[in-house]
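Take a look at the letters that make up each chain.
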Amino acid sequence: MINEQNNALLASDLRTVISRLMKKLRSKSTISEKLSMTERSTIALLDQHKELLPSELAAMEKITTQSMSQILNHLFELGYINRKISKTDKRKAIISLSKAGENILYKTRSERDEWLSKALNETCSVKEQELLRRAIEPLTKLVDFD
């Protein structure tokens, strides 16, 4: 019972601090502020996978294909993605990141990494930085948990 209470408190504290950190990181990039979280995540997925079908993107983002279609239309209007017709199935469009999409992604990451690196150096001791390094693995497990 005590362990369950401790885990519930840990879960609440962890959610709160990670949410606050994510908001802070989002605020440190002026470039991508016109994009929603799902649009930014879609760009990152395209960077990681190079080419995906809209249905694959929707499944990865856990949204409907209709919602993904709206997101892709917006990203296309901004010039951040390319669409090409599949050679094997002319009904399917293959989505990839454009050069402008890559630039926005890398610039955004750079701005956020720069701020976070400065914050780590100015607010955390070497011991605290090592503790954060060790926390990356269990945090990654939480992210990957379904």
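Residues numbered from 1 in each chain as written. Predicted model: local features only at pLDDT ≥ 70, side-chain atom pairs only at ≥ 80, totals over all residues. Heavy atoms only, no water.

**Quick notes on a nonpolar patch on the surface**
Turning to step 1, where the next piece is worked out: Among the surface-exposed residues, Val-17, Ile-18, Met-22, Leu-139 and Leu-142 lie close enough to one another that they form a single nonpolar patch of about 410 Å² accessible area.
Turning to step 2, where the next piece is worked out: For the nonpolar patch, the secondary structure elements donating two or more residues are α1 (2-27) and α6 (126-144).
Turning to step 3, where the next piece is worked out: Top contributing element to the nonpolar patch by residue count: α1, with three residues.
Turning to step 4, where the next piece is worked out: In this structure, Ile-18 sits in helix α1.
Turning to step 5, where the next piece is worked out: The class of Ile-18 is partly exposed, set by a relative accessible area of 38%. (Patch = residues over 30% accessible without salt bridge, like charges linked within 9 Å, V, L, I, M, F, W, Y side chains within 5 Å. Areas by Shrake-Rupley, 256 points an atom, 1.4 Å probe, with all protein chains shown as cover. Salt bridge = Lys/Arg side-chain N within 4 Å of Asp/Glu carboxyl O. Helix = DSSP H or I, 4+ residues; strand = E, 2+ residues; numbered from the N terminus. Buried < 20%, exposed > 50% of the residue type's maximum accessible area, 1.4 Å probe, protein only.)

**Points about the layout of surface pockets**
Turning to step 1, where the next piece is worked out: Taken as a whole, the largest pocket encloses approximately 1,900 Å³ of empty space.
Turning to step 2, where the next piece is worked out: Lining the largest pocket are 42 residues; nearest its centre among them are Ile-18, Leu-21, Met-22, Leu-25 and Leu-116.
Turning to step 3, where the next piece is worked out: Within the residue set of the lining of the largest pocket, elements represented by two or more residues are α1, α2 (37-49), α5 (99-123) and α6.
Turning to step 4, where the next piece is worked out: Considering every element that reaches the lining of the largest pocket, the biggest residue donor is α6, with 12 residues.
Turning to step 5, where the next piece is worked out: Its residues assigned to classes, the lining of the largest pocket shows 25 nonpolar, seven polar and 10 charged. (1 Å grid on protein atoms, 1.4 Å probe; cavity = no way out; pocket = protein on both sides within 12 Å on 5 of 7 lines; lining within 4 Å. Points joined across faces, edges and corners; volume = space filled by probe spheres on them. Nonpolar A, V, L, I, M, F, W, Y, C, P; charged D, E, K, R; others polar.)

**Remarks on the environment of Ser-98**
Turning to step 1, where the next piece is worked out: On the secondary structure map, Ser-98 appears in the loop between β3 (93-97) and α5.
Turning to step 2, where the next piece is worked out: Excluding its chain neighbours within four sequence positions, the residues that come into contact with Ser-98 are Gly-79, Tyr-80, Ile-81 and Asn-82.
Turning to step 3, where the next piece is worked out: Within the local environment of Ser-98, its side chain forms a polar contact with the backbone oxygen of Gly-79, the two atoms lying 2.5 Å apart. (Contact = heavy atoms within 4.5 Å. Polar contact = N/O pair within 3.5 Å; in protein donor to acceptor, adjacent residues only side chain to side chain.)

**A short note on the nonpolar core**
Turning to step 1, where the next piece is worked out: Counting residues in each nonpolar core, the largest one holds 17 residues, and the members touching the most others are Ile-43, Leu-46, Leu-57, Leu-75 and Ile-81.
Turning to step 2, where the next piece is worked out: Looking at this core, the elements with two or more residues in it are α2, α3 (54-61), α4 (65-77), β3 and α5.
Turning to step 3, where the next piece is worked out: When residues in this core are grouped by element, the largest group, four residues, is from α4.
Turning to step 4, where the next piece is worked out: Residues in contact with Ile-43, not counting those within four places in the same chain, are Leu-35, Leu-75, Tyr-80, Leu-97, Gly-101, Ile-104 and Leu-105. (Core = buried A, V, L, I, M, F, W, Y, C linked by side-chain atoms within 4.5 Å.)

**A look at the packing of α2 against α4**
Turning to step 1, where the next piece is worked out: Here α2 crosses α4 at 75°, and the two axes come no closer than 10 Å. With respect to each other, α2 and α4 are oriented roughly perpendicular. Across the interface between the two elements, Thr-38, Glu-39, Thr-42 and Ile-43 from α2 touch Met-68, Ile-71, Leu-72, His-74 and Leu-75 from α4.
Turning to step 2, where the next piece is worked out: For the contact of α2 with α4, the per-class residue count stands at five nonpolar, three polar and one charged. (Axes fitted to C-alpha atoms, helices over the stretch in contact; angles between N-to-C directions. Parallel < 35°, antiparallel > 145°, perpendicular 65-115°, else oblique.)

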